[in-house]
Amino acid sequence: MGESLETHFGSDGRRAILYRPPSSSSAEVRLHQHTLAHLGYSVVVTKERPGLDLGLELLGKGDLGSWDLLICLSSRKAGGNPCISKEDVCHLSLHQKVNIFPEIQHQLCRKEGLCQIIQRFPELQLPVSPSVCLDQSTQFKLSSWSHLLKTVKPHVWKPWAWRHEQLDQTTVLAPHETIFRAEDLSVILKAYVLVTSLTPLRAFIHSTGMVWNPPKRKRFTVKLQTFFETFLRASSPLQALDNMKEAISKLLLAAEAFSETSPLGPKAFHRCSLCFQLLTFDISYGSFTSPVVLQVHGHLHFQDDNYMDFEDQNAEEFILKDTFNFLFSNESSLSIFSEIFQRLYRSAVSKGENYKKELTRCLSLEEINSMMTFIKELGSLGQFQLLFPSTSPSIQSWMREFYVIANPIGKARSVLTQHSSLLNVFEQFQLLDKKAQSHPLEWHSFTKDENIEKPQMPLGATEHKKVVVQQIMNATIEVHCSNDEDIQCHIKQIFTQPHLELSPEFNPKIKDYYSEVPFDVVTVTIGVETSNCQCKVYLHERAGPSFANYPLGLGTNRISMLVVDESPAQGETLITYKLTIQREDRPSLPLFEDFTACGFVQDCGLLIHPEEACGLQPIPSDYIEALSQPELKTCPSGDTKGQWIMPCLSCSDNRTCDWREITWQPHNCQYGVLTKPQLQQCLGARKILFIGDSTNRGMMYYLIERLNETLQEWQKVHGTKFYHNVNGGKTLISYSYYPQFWISPSLRPTFEKALERLLQRSRPLENSGQTVLVVGGVQWLNSNHLQIIHKVLKRENLLNILVIIKTLGIGFHLPVDGVHFLTQRELQNLWKENVIILDTAKKYGYEVVDTFTITMGRYKEFLQGACGCHFHEVVKSKLSKENHLIKIKQSRNHTVGSYFSNQSKLQQQRDSPVNVQSPYHVRGPINQVCSEILLSRMCAPTGAA
């Protein structure tokens, strides 16, 4: 059977054609090219020819050749030529796939088609807005939609107020005053549905939709379960989801039934058994008690003005990738198919001869292939959920009613038999699949709290980073160079993974390039092809690698590509190309008038505590109210447990949050924020000694800028340095970099020697709290270092000084070239070491700043640096004084709004006034939080801990 199916439906290779109408976007073309190439397809792009359909005769000519997959990209203007005609679909080879069902396109994706379906099945009261027939010359009766007119009540969309709306009111206005006005719509939900077969119908719905409020033109992507649970505030979210699925299924069933009775007949769809179409259903909520379909788009659709912002592009990319991964999986389903049919046969024997006769009828090869494809789909659902066939009794009843009405003496029985066969397969698959979801609201691969993005690479991977990089490059680069000595050295081509759009387009004569990547892209792999085999490329430095995986910090990242001509005739001629990559900040949703507070400690993409909750969690309003009280006590230590808190529309989807208002909030207390005069008085006549790595150095520079309101000098100190001009000369600050990892371990100064040298060079030192020692690093520190601190201070007669331990932090979690890489398990062990450090510090009476807890939930928000561990950077002052505070539109007596308003005031108190004379500024909100806790511990009253 497997061989027969391969012979009839198989293909020798993967060759795809992208058919591009003139109005389609270049970004859409690039996205499809990249996604299909990743799945092993060779891709050819062909453009629409004026006055001509694409036509199979054109598809088989010239550079198009034979093909397996035809993708008709969406036209962004109405009335464009069809990509492929109904007649041509009839003549497709069995292995060829097209992303359009002409009958669906004709019946559902045009208002005229929807109107015809409504008129064809008036008894079924299809959930379609009557407005689809407004422009039609045919007459229709408004009474057909009486079931929709009973509960009209226009109102403004306020997500959190929906639960208070009385949707069962029966105010009835004249139809033309209600149902036909777009401004009366409260909210539109865009649901994305993938149809993989029309006869028999197979359809799947994606877990992500888009919420759109047309009058206010506000929209954002959201998980469907979040929409029904949180935004719609349905009394039964499960029932609300089922109602929407039923509305979509009715229309798809109508299209199937209509195609069976159309003049063309089902022939086209039997011949295109592998065709598919991704649809967008615009569904109205608010004016009617039930979901009402306003329009069906024959492609991914986000809004009518064709402007695709970052959120739209991001949604388009992940839905398209989910779709293609789902459709083009290489996994075989033959063994599961065999097991299922053995089970069905055994079940038939036990149920009697009639059942057995029905079940064991001869199946055509197309039916077998359809069932096996269905089994493969069920095994690779990903973010899709089965929509049809459905076990719902109401859907089953609807289906029978459709075929009684649509085709009382035709092929209804054969189509119903095919549906029944698929349902039998589905039920047996569920029994076989122990991982099958038991709750209809849940999607496969849908974690308990999937509201903070997953990492791009599995953090538990054990492969060495260079192996990973090599595999990536080998999969994407086939380098060709010339041995012709007359060809001068230059870069012939730049390869990147993921693909980067360079500005300007690459030209060997142009040396500087710029590109932008979204927040979720945290690494980029770069390789270069040179013009001559004698030319060598080194990335970043003369001894650097020829290809590498780089971390991309937030903001600006600069990568140098050095081309060296190593031929004997030229010696070593050097050419430098530069690539600047701008990584965008985490996208934030501008807040509506009403919102809620959400908190998190760890990210679901990087679990440090697998047994504890991850991602956004709702925070009770009474807790927020308690935190907003002015008499809130001061935190007793720098490791008080806390969480990140921010305003969101929903705690189930972090894309509905305003990340610009995020704040670190300890439980039931606050860290005192000192004004500049208080800080200057507190640190006057004190000596502050820092020893540690660059993360410690970032906190030191923050302290200097807070005290002086300027940062006059800055350098990446990797030795010892003293700062005498702090606080008008009243505060001495010294710094020693440790560990000096670039020195051979046998020659490297020990921590004990480094600490002794810092103390000696900083003398005279007072054996009291007037001397402050700050020790810490990102991951090198352990409890043994604290024992050494105690031993050295005892020997130097400095046991009474104030010691503050800055604990470990997140970092080294990305597999990048030349940098140590920690797996997820190793990072979890690092947390355990951090706990030991905290306990040991308290035994010695040291203060602490627990930076690990603060940084671990925001592991993607690192700034420049190969370690992925820097949460600060020093930048030119004129580029850094952006005011990231925004005003929140407060609701009356809004507790949550009051909390964030107070936090904004604290932020303004922390921020130094803009000083145009200051050449540098320390930026980084996470470093700011850690540094303010450090200052609070330095200035805590004696005995406060």
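**Here we look at the overall build of the protein**
Link 1 in the chain: Counting secondary structure elements, the protein contains 27 helices and 29 strands.
Link 2 in the chain: Classification of the 945 residues of the protein by burial places 55% in the buried group.
Link 3 in the chain: When the accessible surface of the protein is split by element, carbon and sulfur atoms take 50% of a total near 41600 Å².

**Some thoughts on the nonpolar core**
Link 1 in the chain: If you look at the biggest cluster of nonpolar residues, it comprises 93 residues, and the most contacted ones within it are F690, I789, I805 and M938.
Link 2 in the chain: Judged by nonpolar contacts, the second largest core, of 65 residues, contains I17, V89, I283 and V296.

**Quick notes on the pairing of strand β2 (residues 42-47)**
Link 1 in the chain: Sheet topology note: the strand β1 (residues 15-20)/β2 ladder contains 6 bridges and is parallel. Counterpart to R15 in the pairing with β2 is S42.
Link 2 in the chain: Handedness of the crossover joining β1 and β2 through helix α2 (residues 26-38): right-handed.

**Side note on the state of the cysteines**
Link 1 in the chain: Taken as a whole and assessed by the stated rule, the structure comprises 8 disulfides.
Link 2 in the chain: Shown here is the disulfide that connects C598 with C651, its sulfur atoms set 2.0 Å apart. One quick way to see it: the torsion about the S-S bond of C598 and C651 is about -90°, and its sign makes the bridge left-handed. One end of the pair, C598, is in strand β18 (residues 596-600); the other, C651, is in the loop between β20 (642-648) and β21 (663-666), with 53 residues separating them in the sequence.
Link 3 in the chain: Among the residues examined, C598 registers a relative accessible area of 0% and is labelled buried.

**Some points on the environment of F900**
Link 1 in the chain: Structurally, F900 is set in helix α26 (residues 895-910).
Link 2 in the chain: Look at F900 and you get buried, because its relative accessible area is 0%.
Link 3 in the chain: Sequence separation between F900 and I662 is 238 residues, and the spatial gap between their C-alpha atoms is 8.7 Å.

**Topic: the packing of aromatic side chains**
Link 1 in the chain: Counted under the stated rule, the structure contains 14 aromatic pairs.
Link 2 in the chain: Ring plane angle 75° and centroid distance 5.0 Å describe the contact between Y738 and W780, whose orientation is recorded as edge-to-face. On the criterion of sequence distance, the pair formed by Y738 in the loop between β24 (731-737) and α22 (751-762) and W780 in the loop between β25 (771-776) and α23 (783-795) is long-range, its members being 42 residues apart. No difference in accessibility class separates Y738 from W780, as the two residues are buried.
Link 3 in the chain: Chaining the aromatic ring pairs together yields one cluster made of Y41, F276, F324 and F328.
Link 4 in the chain: Sitting above the plane of the F862 ring, R583 keeps its charged end 5.3 Å from the centroid.

**What to know about the side chain of E377**
Link 1 in the chain: Checked against the element boundaries, E377 lands in helix α15 (residues 365-379).
Link 2 in the chain: Accessibility expressed as a relative area gives 5% for E377, which makes it buried.
Link 3 in the chain: Setting aside anything within four residues of it in sequence, one finds E377 in contact with T196, R202, F204 and F326.

**Section: the packing of α22 against α23**
Link 1 in the chain: At a closest axis distance of 10 Å, the pairing of α22 and α23 adopts a crossing angle of 40°. Relative to α23, α22 is oriented oblique. Handedness of the α22/α23 crossing: right-handed. Listed contacts from α23 to F751, E752, L755, E756 and L759 of α22 are H785, I788, I789, K791, V792, L793 and R795.
Link 2 in the chain: Here the residues of the contact of α22 with α23 sort into 7 nonpolar, 1 polar and 4 charged.

The rules we used
- Residues numbered from 1 in each chain as written.
- Predicted model: local features only at pLDDT ≥ 70, side-chain atom pairs only at ≥ 80, totals over all residues.
- Heavy atoms only, no water.
- Helix = DSSP H or I, 4+ residues; strand = E, 2+ residues; numbered from the N terminus.
- Buried < 20%, exposed > 50% of the residue type's maximum accessible area, 1.4 Å probe, protein only.
- Areas by Shrake-Rupley, 256 points an atom, 1.4 Å probe, with all protein chains shown as cover.
- Core = buried A, V, L, I, M, F, W, Y, C linked by side-chain atoms within 4.5 Å.
- Pairing = 2+ DSSP bridges.
- Right-handed = clockwise from strand over helix to strand, strands pointing away.
- Disulfide = S-S within 2.5 Å.
- Phe/Tyr/Trp six-rings, centres within 6.5 Å; stacked < 30°, edge-to-face > 60°.
- Lys NZ or Arg CZ within 6 Å of the ring centre and 35° of its normal.
- Contact = heavy atoms within 4.5 Å.
- Axes fitted to C-alpha atoms, helices over the stretch in contact; angles between N-to-C directions.
- Parallel < 35°, antiparallel > 145°, perpendicular 65-115°, else oblique.
- Left-handed = near helix turned anticlockwise from the far one by under 90°.
- Nonpolar A, V, L, I, M, F, W, Y, C, P; charged D, E, K, R; others polar.

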